[in-house]
There are 2 protein chains.
Amino acid sequence: MEDVAELAGVSAMTVSRVLNAPEKVRPETRARVLAAVRELDYRPNSAARVLVTGRSGVLGVVCFDTTLYGPASTLFGIEQAARDSDYLVSIASLPALNRTWITRGIDRLRSQSVDGVIVVAPHESAAEGLRHLPPGLPAVDVGGGTDLPVPVAAVDQYAGAARATRHLLSLGHRTVWHLSGPPNWIDASGRVAGWRSVLEAEGREVPEPLVGDWTAHSGYEIGKRLAREPDVTAIFVANDHMAMGVLRALREAGRRVPEDVSVVGFDDVPEAAYFWPPLTTVRQNFGEVGRQAFQLLLDRIFGVDGEARRMVEPELVVRESTGVSP
Amino acid sequence: MEDVAELAGVSAMTVSRVLNAPEKVRPETRARVLAAVRELDYRPNSAARVLVTGRSGVLGVVCFDTTLYGPASTLFGIEQAARDSDYLVSIASLPALNRTWITRGIDRLRSQSVDGVIVVAPHESAAEGLRHLPPGLPAVDVGGGTDLPVPVAAVDQYAGAARATRHLLSLGHRTVWHLSGPPNWIDASGRVAGWRSVLEAEGREVPEPLVGDWTAHSGYEIGKRLAREPDVTAIFVANDHMAMGVLRALREAGRRVPEDVSVVGFDDVPEAAYFWPPLTTVRQNFGEVGRQAFQLLLDRIFGVDGEARRMVEPELVVRESTGVSP
DNA sequence: GGAAGGCCTGTTAGCGATACCATGAGCTGG
DNA sequence: CCAGCTCATGGTATCGCTAACAGGCCTTCC
């Protein structure tokens, strides 16, 4: 920086100002400084800046498994929004979902002076971790449960599940079975609740939900059990991958979809339209959730007390697994 | 830090030593310092440390679309390896794959004083970007092409494609058609080359490869064309998602898999075993690639001149799409 | 018994930037 | 014509840490 200052015939202070508050420098001087900056390919040292300002321009994301479609897409949305605002994203993935690891992940990020943290771990343990947040650290939760001490951005799982369930009932089914995600996952319980509420409101029988682990494998195994029950004519599956396993199990058991059984998934992964049959599902705009989470965090960082909860509406996408289309 | 030193009755220098080179401090003193650290919940300021040491403990990953299964899994592998070595990972995703954006992504990371950079952009433009790397910045490429000026970790696409092709020929097919990924993608061209080499070595006709864009949609559209050709009895598809589209197109055209047409994919996404029929495919261990890339980077950071290329062997996974299993 | 050497700890300086206050030039208005 | 203001710039201290050297004490060995 000293060199740039010398080359431009000004002081280091002026160089700093050109870079941080250009309007406070005479245009002519500014131009000279910028020329020197380019000439020397000068790049400010962020560590020094952090040291004195306390701002790093980096935000941290704590997440569990970024190979899953949902988290990966959310992360991507966060990253895009961050890039547009000149923030950098550091990630801390967790080997397991519990309070200890979440706290450790946050600490790891904090030790790098991140300006804020977004927690993408839609799991009950995240709530515990967030309750014991270091004070003064701006944080936002994605997908989170109720009563969190931080702002939340999420897809309205409850509404999505309700929509899916109503759709199935509207096709004339007596009731709707549910294959849920693992307990303790916020998304999973939200979908169970939405599904149950519709059945209860309509006075239908509420079958005991079956529990999978989000994988196609678990969908297949549980699907085989469901396929044996002639009563089962409509299944709401908590994600598309499990739904894929269910579809295969039904087919192998000789039960036709949608003629004998209707199936609805959740997520709308890009491949869902190419399942066999194409899957009716609930589309979640993960990218939007990520962007909203970033906005919330930005508000917190700058001390704006905006809304504490941003809900993204899911959308029912009807395909052939719940009715024969042309 | 001053406070910790005072509480422990030592100088700041000793506190620093306890944290960075514990063996140079008498155990008794060390214990006193550590107690003080805990008592005050002291956390070293990484910015200050970076400023003086030049090491940040952060590595950067430049990537394109982290919602795709491959890049997401690789990133995950890198992150896990980094965590085990107490590194943090910052990501810079690119809005487009070309030299300008790659350079910009690297610059963005560099401005945060990352210790090194891993580029996960298996695209020709990455090569250009890597050739104009700022000198002195340790860098590693994932999946990269030939003649790169940096170490490379990758799955041996050529070998994988060759294996898939030989497998199809071994089933008695006259030749094998290929649905490739987008040109300019290194993975795509490696798979084309492996496929072509086997056909040529066996003296088979080499059909013009068809070009998709990795999506199930493109697989479906191109699959419809292939389904109309009675000649086509064996298809090697460059990834599993496109293969899914192909399977659906074949089925809709009344061509049975594997009785009429055999299909092989690439990747072995977790759902591949639940496609209809279950997909024979080439498993890539993305996580391992990520770990290897991290190791290579670590070597570069510490000036170890190890191997410049780490190849991970892919594995053919035979399922029903190329033969009826029980 | 005293010089040499090893171990542990402390002192000083500086990493590269910005916050804060000071300064001087130029303008305005009574 | 000068007080009093604004505007552009500069000087200095400081953020929290560690590299490099310095020094005190205790051992070791002739």
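Treat the numbers as computed from the prediction; the structure is a model and nothing was measured.

### Things to note about the interface of chain B and chain A
Next up, step 1: Listed as interface residues are 52 residues of chain B and, on the opposing side, 52 residues of chain A.
Next up, step 2: The junction of chain B with chain A conceals about 4,600 Å² of combined surface from both sides, 58% of it contributed by carbon and sulfur atoms.
Next up, step 3: Broken down residue by residue, the surface that chain B buries against chain A is led by Leu88, Tyr274 and Trp276 of chain B, which jointly contribute 16%.
Next up, step 4: Inspection of the region where chain B meets chain A yields 4 salt bridges.
Next up, step 5: A salt bridge links Glu79 of chain B to Arg108 of chain A; its shortest N-O distance comes to 3.6 Å.
Next up, step 6: In this assembly, chain B and chain A are joined by 19 residue pairs in polar contact (both at pLDDT 80 or more).
Next up, step 7: Looking at the side of chain B that touches chain A, the elements that each hand over two or more residues are helix 4 (46–53), helix 5 (69–84), strand 2 (88–93), helix 6 (99–110), helix 10 (216–227) and helix 11 (240–252) of chain B.
Next up, step 8: The residue inventory of the side of chain B that touches chain A, partitioned by class, reads 26 nonpolar, 14 polar and 12 charged.
Next up, step 9: Bridge analysis of strand 2 (residues 88–93) of chain A against strand 2 of chain B gives 3 bridges, and the strand direction is antiparallel. Looking across to strand 2 of chain B, one finds that Ser90 of chain A is bridged to Ser90 of chain B.

### Considerations on the packing of aromatic side chains
All names here are of chain B.
Next up, step 1: The full count for this structure, using the stated rule, is 12 aromatic pairs over all chains.
Next up, step 2: Measuring from centroid to centroid gives 5.9 Å for Tyr87 and Phe294, while their planes differ by 75°, and the two rings are edge-to-face. Note that Tyr87 is positioned in the loop between helix 5 and strand 2 and Phe294 in helix 12 (residues 286–301), a separation of 207 residues in sequence. Across the pair, exposure class does not vary: Tyr87 and Phe294 are buried alike.
Next up, step 3: Between Trp185 and Trp214, the ring centres sit 5.7 Å apart and the planes meet at 80°, which makes this aromatic pair edge-to-face. With Trp185 in the loop between strand 6 (177–180) and helix 9 (186–201) and Trp214 in the loop between strand 7 (210–211) and helix 10, the pair connects residues that are 29 residues apart, well separated along the chain. You'll find Trp185 and Trp214 in the same group, each marked buried.

Cut-offs used in this document
Residues numbered from 1 in each chain as written. Chains lettered and ligands numbered in written order. Predicted model: local features only at pLDDT ≥ 70, side-chain atom pairs only at ≥ 80, totals over all residues. Heavy atoms only, no water. Contact = heavy atoms within 4.5 Å. Buried area = accessible area lost by both parts, 1.4 Å probe. Salt bridge = Lys/Arg side-chain N within 4 Å of Asp/Glu carboxyl O. Polar contact = N/O pair within 3.5 Å; in protein donor to acceptor, adjacent residues only side chain to side chain. Helix = DSSP H or I, 4+ residues; strand = E, 2+ residues; numbered from the N terminus. Nonpolar A, V, L, I, M, F, W, Y, C, P; charged D, E, K, R; others polar. Pairing = 2+ DSSP bridges. Phe/Tyr/Trp six-rings, centres within 6.5 Å; stacked < 30°, edge-to-face > 60°. Buried < 20%, exposed > 50% of the residue type's maximum accessible area, 1.4 Å probe, protein only.

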